[in-house]
Amino acid sequence: MSTTLDLNAQLEKYAELIVRVGVNVQPGQPVLINGALLELAPLVRLIAEKAYEAGASDVHVDWVDEALSRLKYEKAADETFTRFPEWETIKRHEVVQNNGVVVSISAPNPDLLKGIKAERISNYQKAAGTGLREFRRAIQADRISWSVVSASTKNWATKVFPGEDEETAVAKLWEAIFQAVRLNEEDPVKAWDEHNANLHAKSDWLNEKHFAKLLYRAPGTELSVELPEKHLWVAASSVNAQGTPFMANMPTEEVFTVPNKNGVNGYVSSTKPLSYGGNIIDGFKLTFEQGRIVKVEAEQGQEILQKLVDSDEGSHYLGEVALVPHQSPISRSNVLFLNTLFDENASNHFAIGSGYAFNVKGGKEMSPEELEACGVNASITHVDFMVGSAEMDIDGVTADGNVVPVFREGNWAF
Ligand code: ZN
Ligand code: ZN
């Protein structure tokens, strides 16, 4: 168990890692911090301090109070959920224009909106997705540095460790987060350099093989996923339009690319619950015909999942195919995080919705039409869901029909 004193020292190291390795703040850059729960003020202030020390021109924090968020869903008028404030759009636009960086703290209470009408949630997801369309494009083309990180909170930690009292649960979740982001290594920055090189070795191999499609087999899964001719496997560090490297997710264990939006056939079953829009979706199966989701079945959260798939036309297709060994450090921790940032890095996964422009050769400079022509899906949403297990085999098939094992029993086959 860590004492408060230890925690403060750890938080300072963590803030440093987020600023130096995560968004890699450069002198003169404005910084936007999203998802800053009030409870996380000590961490948020440290991130701001480290950012100023790195030369940030300004740090703007969007504070979030979950009690107020819940209150809004309970009490506000229906129309509120169909609009996304324009000033929220403009704020982000300015960050992109000024080559700023964005830190997003993802620590939602998985049950925050339990019992709220599904329509309110999906309306707001849709409104926000539309209002943030341009911003999402900028992010998905790596125009600016961005990083999604996490932090332990009472509401989340007590869901992850239900048998523990609040204080112990929060401490245990911090410990799991610090472990996952390699903060306990002697030199975390160096540990990230090595991790980055290891993941890049996997993406290099996949890029060299240049598979035309992947075949997935597991209980409840029989799926064929075509890859675009110009697809690129990407992992770990990215480079923004200014040429500055950054780490878009911390932790990150995935190697991922974009599927050909019309080339997905068969069915796939989830292997972990999906925390989405303040609700849990669990035990679900999606069936595809020529890329389109034609059937949605879920043991829990069917209505929310159906509404997610119905967000727009693009949300009926996949935008990401990601490979993560079942033996990743996060899955070895045996903690079910109920937070996609962690669970997706413990499991093979796909994403419903838009694809990343940087996942095709030359994609960062392509227009939306050109990306579409390459097979890259466009949507107002992008939601990862987990399908990996110790029983999953994946083969890669080259254009001339060679079949190469990529995954065996949940882990890399090479
Ligand atoms: Zn992913
Ligand atoms: Zn994703």
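Residues numbered from 1 in each chain as written. Chains lettered and ligands numbered in written order. Predicted model: local features only at pLDDT ≥ 70, side-chain atom pairs only at ≥ 80, totals over all residues. Heavy atoms only, no water.

## Structural notes on the sheet that holds strand 4 (residues 145-149)
Definition in use: Note: two strands are recorded as paired if DSSP finds a minimum of 2 bridges between them. Secondary structure elements follow DSSP: runs of H or I of four or more residues count as helices, runs of E of two or more count as strands, with numbering from the N terminus. Throughout, an axis means a line fitted to C-alpha atoms (over the contacting stretch in the case of helices), and angles, computed between N-to-C directions, take values from 0 to 180 degrees. Between two residues, a contact is recorded if the distance between any of their heavy atoms is within 4.5 Å.
As summarised here, the arrangement of the 4 strands in space is 2-1-3-4, forming an open sheet in which the pairing is parallel. Each edge of the sheet is formed by a strand with only one pairing partner; in this case those strands are strand 2 (58-64) and strand 4. In this sheet, neighbouring strand axes are inclined to one another by 10° on average, regardless of whether the strands run parallel or antiparallel. Set on the sheet, helix 2 (residues 41-53) makes contact with strand 1 (30-37), strand 2 and strand 3 (101-105); between it and strand 2 the angle comes to about 165°.

## Here we look at the packing of aromatic side chains
Formally: Working definition: a ring pair exists when centres of Phe, Tyr or Trp rings (six-membered ring for Trp) sit within 6.5 Å. Plane angles under 30 degrees give stacked, over 60 give edge-to-face, the rest tilted. Type-normalised accessible area, obtained with a 1.4 Å probe on protein chains alone, sets the label of each residue: buried when under 20%, exposed when over 50%, and partly exposed for intermediate values.
Summed over all chains, the structure comprises 18 aromatic pairs. A centroid spacing of 5.8 Å and a plane angle of 55° characterise the contact between phenylalanine 284 and phenylalanine 385, whose relative ring orientation is tilted. Taken together, the residues span a long stretch of sequence, with phenylalanine 284 in strand 13 (residues 279-289) and phenylalanine 385 in strand 17 (residues 382-386) at a distance of 101 residues. You can call phenylalanine 284 buried: its relative accessible area is 2%.

## A few points about the coordination of the zinc ion (ligand 1)
The following threshold applies: In this analysis a donor is any N, O or S atom within 2.8 Å of a metal ion (3.2 Å for sodium, potassium and calcium), and since water is not included, sites may seem incomplete.
Around the zinc ion (ligand 1), the protein contributes the donor atoms Glu254 (OE), Glu320 (OE), Glu344 (OE), His349 (NE2) and Asp384 (OD), which lie 2.0 to 2.3 Å from the metal centre. Taken in sequence order, the residues that donate to the zinc ion (ligand 1) follow the motif E-x65-E-x23-E-x4-H-x34-D. In this structure the zinc ion (ligand 2) is found 3.4 Å away from the zinc ion (ligand 1), and glutamate 320 serves as a bridging donor for the pair. Of this pair, glutamate 254 sits in the loop between strand 9 (245-247) and strand 10 (255-257) while aspartate 384 sits in strand 17; the two residues are 130 residues apart in sequence, bridging distant segments of the chain. The residues glutamate 254 and aspartate 384 share a single accessibility class, namely buried.

## Considering the domain arrangement of the protein
Interfaces are frequently sized by the accessible area removed from exposure as the parts join. Heads up, the condition is: Where each domain starts and ends comes from a domain assignment, either automatic or drawn from a database. Buried area, as used here, totals the accessible surface that two parts lose on assembly, with accessibility defined by a 1.4 Å probe and the loss added over both.
Partitioning the protein into structural domains gives domain 1 (4-180) and domain 2 (189-236 + 250-412). Put simply, the middle of domain 1 and the middle of domain 2, counted by C-alpha atoms, are 23 Å apart. Each side of the interface is counted separately: domain 1 has 41 residues, and domain 2 has 33 residues. Among the residues domain 1 hides against domain 2, the three largest losses belong to Pro110, Gln140 and Ala180. Together they make up 21% of the total. Looking at the side of domain 1 that touches domain 2, the elements with two or more residues in it are helix 1 (4-22), helix 5 (118-131), helix 6 (133-140), strand 4, helix 7 (154-160) and helix 8 (166-180). For the side of domain 1 that touches domain 2, the element with the most residues is helix 5, which contributes 8 residues.

## Comments concerning the pattern of salt bridges
Formally: The term salt bridge refers to a pairing of a side-chain nitrogen on Lys or Arg with a carboxyl oxygen on Asp or Glu at a separation within 4 Å.
Within this structure, the stated rule accounts for 16 salt bridges. The partner of glutamate 16 in a salt bridge is lysine 50, and the shortest N-O contact between them spans 3.4 Å. In this pair, glutamate 16 is assigned in helix 1 and lysine 50 in helix 2, connecting sequence segments 34 residues apart. Relative accessible area serves as the criterion here: at 7%, lysine 50 is assigned to the buried category. In this structure, arginine 182 engages glutamate 253 in a salt bridge whose closest nitrogen and oxygen atoms are separated by 3.1 Å. Note that arginine 182 is positioned in the loop between helix 8 and helix 9 (188-209) and glutamate 253 in the loop between strand 9 and strand 10, a separation of 71 residues in sequence. Neither residue differs from the other here; arginine 182 and glutamate 253 are each classed as buried. Because the salt bridges share partners, they merge into one network encompassing Glu12, Glu16, Arg20 and Lys50.

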